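# Reading the structure
Single-letter residue listing:
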Amino acid sequence: MHQFSGQVADVETLGPALHVLWLVAPEFLAMGSGQFVLARCSESFDPLLRRGLSLHQRRADGAHGFLFGTSKAWGRWLAARRPGDHVDLIGPLGRGFRREPTAHRLLMIAEGLGIAPLVALAEEAVAAGCTVTLLQEAPTASRLYPRQRLPEAVRVVSYTADGSAGRPGRVLDDLVEWQEAADQLFIAGSARLLADLRVRLAPVAARLPVQVMVEERMACGVGACLGCVVFTVEGPVASCVEGPVFDLWRLAG
Ligand code: FES
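Please read all numbers here as calculations on a predicted model, not as lab measurements. (Residues numbered from 1 in each chain as written. Predicted model: local features only at pLDDT ≥ 70, side-chain atom pairs only at ≥ 80, totals over all residues. Heavy atoms only, no water.)

### Considerations on the overall build of the chain
Across its full length, the chain holds five helices and 16 strands. Here the chain has a C-alpha radius of gyration of 18 Å; the compact-globule value for 253 residues is 18 Å, and the two agree. Projecting the C-alpha coordinates of the chain onto the three principal axes gives extents of approximately 50 × 40 × 35 Å. A fraction of 62% describes how many contacts in the chain between residues 6 or more apart in sequence connect residues 24 or more apart. By element, 55% of the accessible surface of the chain is carried by carbon and sulfur atoms, the whole surface being about 11400 Å². Looking at the chain, you have 25 positive and 26 negative side-chain charges, and the mean spots of the two groups are 2 Å apart. (Helix = DSSP H or I, 4+ residues; strand = E, 2+ residues; numbered from the N terminus. Rg over C-alpha atoms; globule rule 2.2 N^0.38 Å. Contact = heavy atoms within 4.5 Å. Areas by Shrake-Rupley, 256 points an atom, 1.4 Å probe, with all protein chains shown as cover. Lys, Arg positive; Asp, Glu negative; His and termini not counted. Charge placed at Lys NZ, Arg CZ, Asp CG, Glu CD.)

Shown next as structure tokens:
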């Protein structure tokens, strides 16, 4: 982990408030899905806190992509970067997703921007010969991640709360159907989704390894500020160091 500069290759617009920042730096080559960098999203120290960005995609030209929204000022600052600009970064940080060597049928569940690290994981898994099903849920069609950005080999099933695209309702409605065909499960979404899935998955805890990415706000990124503490069965831990990816059953319920 160290401080470095990422050179902006370009900023890609995926939707009205969704973008991918493409950066170039040798440090990204050691970065796995689920790991993150802390970005300074201004030219000054105001705001003081950096923002965590998870690895989202890799491109053939060597650029690495980071998905972000523009609902907050820091996102709008990133969206205004131009090719050749530099972004001040710290990282790579944290522990990312780990595929079980025996797992070949992977199920992924994404909610909102939680899809960012799962796209990187899905691409890695497909390249390694795994079968990948990715379930994404959103309030409405315009908030879904564009299917065409994922490898064709990934089976993508979308759920919308208002029924405007894909299946109406929530992933939870069909969870039994999906989990039976999987030998490892990966989840990235809100604390509410994780809590709901924890209850639904309890009957298969002994059979199905489940990794989850928690959405704690990262400040220092090195375990010093304790701003990202999560509670595990062994007690509180800093998710920026021990996570942000955890075994679901290690987290305290
Ligand atoms: S962000 Fe400071 S301890 Fe994790």
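What follows continues from the structure just given.
### A word on the nonpolar core
Formed by 28 residues in total, the largest nonpolar core has its most connected members in Met108 and Leu118. Only strand S2 (18–24), strand S8 (105–111), helix H2 (115–127), strand S9 (131–138) and strand S12 (184–188) provide two or more residues apiece to this core. The biggest single contributor to this core is H2, with seven residues. Residues lining this core come from more than one domain, with at least three contributed by each of domain 1 (2–93) and domain 2 (105–250). Counting 26 residues, the second largest nonpolar core, distinct from the first, contains Val171, Val204, Phe246 and Leu251. (Core = buried A, V, L, I, M, F, W, Y, C linked by side-chain atoms within 4.5 Å. Buried < 20%, exposed > 50% of the residue type's maximum accessible area, 1.4 Å probe, protein only. Domains from an automatic or database assignment.)

### Regarding the domain arrangement of the chain
For the chain, the assigned domains are domain 1 (2–93) and domain 2 (105–250). Placing the centre of domain 1 and that of domain 2 at their C-alpha centroids yields a distance of 21 Å. Listed per partner, the contact involves 21 residues of domain 1 and 20 residues of domain 2. Together domain 1 and domain 2 conceal approximately 1800 Å² of surface at their shared face, both sides included; 57% is due to carbon and sulfur atoms. Of all residues in domain 1, Ser33, His56 and Gln57 give up the largest surface area on contact with domain 2, accounting jointly for 26% of the area buried on that side. Our count for the contact surface shared by domain 1 and domain 2 stands at two salt bridges. Between Arg149 and Glu12 there is a salt bridge whose closest N-O contact spans 2.6 Å. Here domain 1 is connected to domain 2 by eight residue pairs in polar contact (both at pLDDT 80 or more). Elements represented by at least two residues in the side of domain 1 that touches domain 2 include exactly strand S1 (2–15), S2, strand S3 (36–39), strand S4 (51–54), strand S5 (57–58) and strand S6 (64–69). (Buried area = accessible area lost by both parts, 1.4 Å probe. Salt bridge = Lys/Arg side-chain N within 4 Å of Asp/Glu carboxyl O. Polar contact = N/O pair within 3.5 Å; in protein donor to acceptor, adjacent residues only side chain to side chain.)

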